[in-house]
Amino acid sequence: MDSEGYIWSARWDGWSLVRYNQQGVEDRRIRFPAGQVSSVIFGGNDYSDIYVTTAGASNKAKNGPGAGALYRLRLGIKGLPEFFSNIKI
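Residues numbered from 1 in each chain as written. Predicted model: local features only at pLDDT ≥ 70, side-chain atom pairs only at ≥ 80, totals over all residues. Heavy atoms only, no water.

Colleague: Account for the pairing of strand β6 (residues 70-73), with residues named and values stated.
Modeller: Of the two faces of β6, only the one carrying Y71 and L73 is buried; L70 and R72 on the other face are not. As defined by bridge partners, strand β5 (residues 49-55) adjoins β6 across four bridges and the pair is classed as antiparallel. Opposite V52, over in β6, you have Y71 as the bridge partner. (Buried < 20%, exposed > 50% of the residue type's maximum accessible area, 1.4 Å probe, protein only. Helix = DSSP H or I, 4+ residues; strand = E, 2+ residues; numbered from the N terminus. Pairing = 2+ DSSP bridges.)

Structure, rendered in C-alpha coordinates:
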(Lines give C-alpha, C1' and ligand atoms only; values in the text may rest on other atoms or scores of the structure.)
Protein backbone atom coordinates (compact mmCIF):
# COMPACT_ATOMS: atom_id res chain seq x y z
CA MET A 1 0.00 0.00 0.00
CA ASP A 2 1.27 3.49 -0.74
CA SER A 3 0.88 6.64 1.35
CA GLU A 4 -2.13 7.70 -0.75
CA GLY A 5 -4.06 4.51 0.11
CA TYR A 6 -3.58 2.72 -3.20
CA ILE A 7 -2.76 -1.00 -3.44
CA TRP A 8 0.00 -2.23 -5.76
CA SER A 9 -0.07 -5.67 -7.40
CA ALA A 10 2.69 -7.49 -9.26
CA ARG A 11 1.10 -9.37 -12.18
CA TRP A 12 2.62 -12.82 -12.72
CA ASP A 13 2.26 -13.64 -16.44
CA GLY A 14 0.87 -10.13 -16.84
CA TRP A 15 4.04 -8.23 -17.78
CA SER A 16 3.07 -5.40 -15.44
CA LEU A 17 2.66 -3.74 -12.07
CA VAL A 18 -0.83 -2.41 -11.34
CA ARG A 19 -2.02 0.25 -8.89
CA TYR A 20 -5.62 0.08 -7.63
CA ASN A 21 -7.66 2.75 -5.88
CA GLN A 22 -9.77 2.19 -2.75
CA GLN A 23 -12.72 1.02 -4.86
CA GLY A 24 -10.62 -1.63 -6.62
CA VAL A 25 -10.45 0.27 -9.90
CA GLU A 26 -7.17 0.19 -11.81
CA ASP A 27 -5.47 3.57 -11.53
CA ARG A 28 -2.15 2.88 -13.26
CA ARG A 29 -0.37 0.07 -15.11
CA ILE A 30 3.39 -0.07 -15.63
CA ARG A 31 4.62 -2.54 -18.25
CA PHE A 32 7.90 -4.47 -17.93
CA PRO A 33 10.02 -6.41 -20.42
CA ALA A 34 9.39 -9.48 -18.25
CA GLY A 35 6.27 -11.62 -18.12
CA GLN A 36 6.61 -12.86 -14.56
CA VAL A 37 6.48 -9.75 -12.41
CA SER A 38 6.73 -11.31 -8.97
CA SER A 39 6.83 -8.75 -6.16
CA VAL A 40 6.71 -5.06 -5.29
CA ILE A 41 7.96 -3.19 -2.21
CA PHE A 42 8.65 0.42 -1.25
CA GLY A 43 12.11 1.28 0.01
CA GLY A 44 14.72 3.96 0.43
CA ASN A 45 15.12 6.46 3.26
CA ASP A 46 11.68 8.00 2.67
CA TYR A 47 9.97 5.01 0.95
CA SER A 48 9.97 6.80 -2.41
CA ASP A 49 11.77 4.01 -4.28
CA ILE A 50 9.61 1.21 -5.66
CA TYR A 51 11.45 -2.09 -6.12
CA VAL A 52 9.97 -4.68 -8.46
CA THR A 53 11.28 -8.23 -8.87
CA THR A 54 10.76 -10.49 -11.86
CA ALA A 55 11.33 -14.18 -12.49
CA GLY A 56 11.79 -16.48 -15.46
CA ALA A 57 15.41 -15.74 -16.33
CA SER A 58 16.00 -19.34 -17.38
CA ASN A 59 13.69 -18.87 -20.38
CA LYS A 60 14.03 -15.31 -21.65
CA ALA A 61 12.69 -16.31 -25.06
CA LYS A 62 9.31 -16.94 -23.40
CA ASN A 63 9.46 -14.59 -20.42
CA GLY A 64 11.06 -11.53 -22.01
CA PRO A 65 14.52 -9.95 -22.13
CA GLY A 66 14.07 -8.37 -18.69
CA ALA A 67 13.11 -11.63 -16.97
CA GLY A 68 14.93 -12.18 -13.69
CA ALA A 69 15.80 -8.51 -13.23
CA LEU A 70 15.27 -6.22 -10.26
CA TYR A 71 13.81 -2.82 -11.16
CA ARG A 72 13.79 0.43 -9.19
CA LEU A 73 11.11 2.99 -10.02
CA ARG A 74 10.97 6.60 -8.87
CA LEU A 75 7.47 7.83 -9.62
CA GLY A 76 7.07 10.47 -6.92
CA ILE A 77 4.84 8.11 -4.94
CA LYS A 78 5.77 7.13 -1.39
CA GLY A 79 5.08 3.92 0.45
CA LEU A 80 4.33 3.44 4.13
CA PRO A 81 6.79 2.30 6.79
CA GLU A 82 6.60 -1.35 7.73
CA PHE A 83 4.28 -2.33 10.54
CA PHE A 84 5.79 -4.19 13.46
CA SER A 85 3.32 -6.21 15.51
CA ASN A 86 3.46 -6.66 19.26
CA ILE A 87 2.79 -10.40 19.10
CA LYS A 88 5.16 -12.40 21.25
CA ILE A 89 5.72 -16.10 20.76
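Past the structure itself, the notes keep going.
Colleague: If you had to explain the pattern of salt bridges to someone new, which residues and values would you point to?
Modeller: Under the definition given, this model contains six salt bridges. Two residues, E4 and R19, come together in a salt bridge whose shortest N-O distance is 2.6 Å. Placement of E4 in the segment before β1 (7-11) and of R19 in strand β2 (residues 16-20) is noted, with a sequence separation of 15 residues between them. The partner of R74 in a salt bridge is D49, with the nearest N and O atoms 2.7 Å apart. (Salt bridge = Lys/Arg side-chain N within 4 Å of Asp/Glu carboxyl O.)

Colleague: Could you give an account of the pairing of strand β3 (residues 26-31), naming the residues involved and the relevant values?
Modeller: Relative to β3, β2 is paired through five bridges, and the arrangement is antiparallel. Bridged to V18 within β3 is R29. Counted between consecutive antiparallel strands, the loop separating β2 from β3 contains five residues, among which G24 sits at a positive phi close to 85°.

Colleague: Kindly report on the packing of aromatic side chains, identifying the contributing residues and their values.
Modeller: Tallied over the full model, the rule gives two aromatic pairs. Sitting over the face of the ring of Y6, R19 holds its NZ or CZ atom 3.6 Å from the ring centroid. (Phe/Tyr/Trp six-rings, centres within 6.5 Å; stacked < 30°, edge-to-face > 60°. Lys NZ or Arg CZ within 6 Å of the ring centre and 35° of its normal.)

Colleague: Residues and numbers for the side chain of D2, please.
Modeller: If you trace the backbone, D2 turns up in the segment before β1. Looking at D2, the relative accessible area reads 0%, which means it is buried. A polar side-chain atom of D2 sits 3.0 Å from a polar atom in the side chain of W8. If sequence neighbours within four positions are ignored, D2 has contacts with W8, R19, F42, I77, K78, G79 and L80. (Polar contact = N/O pair within 3.5 Å; in protein donor to acceptor, adjacent residues only side chain to side chain. Contact = heavy atoms within 4.5 Å.)

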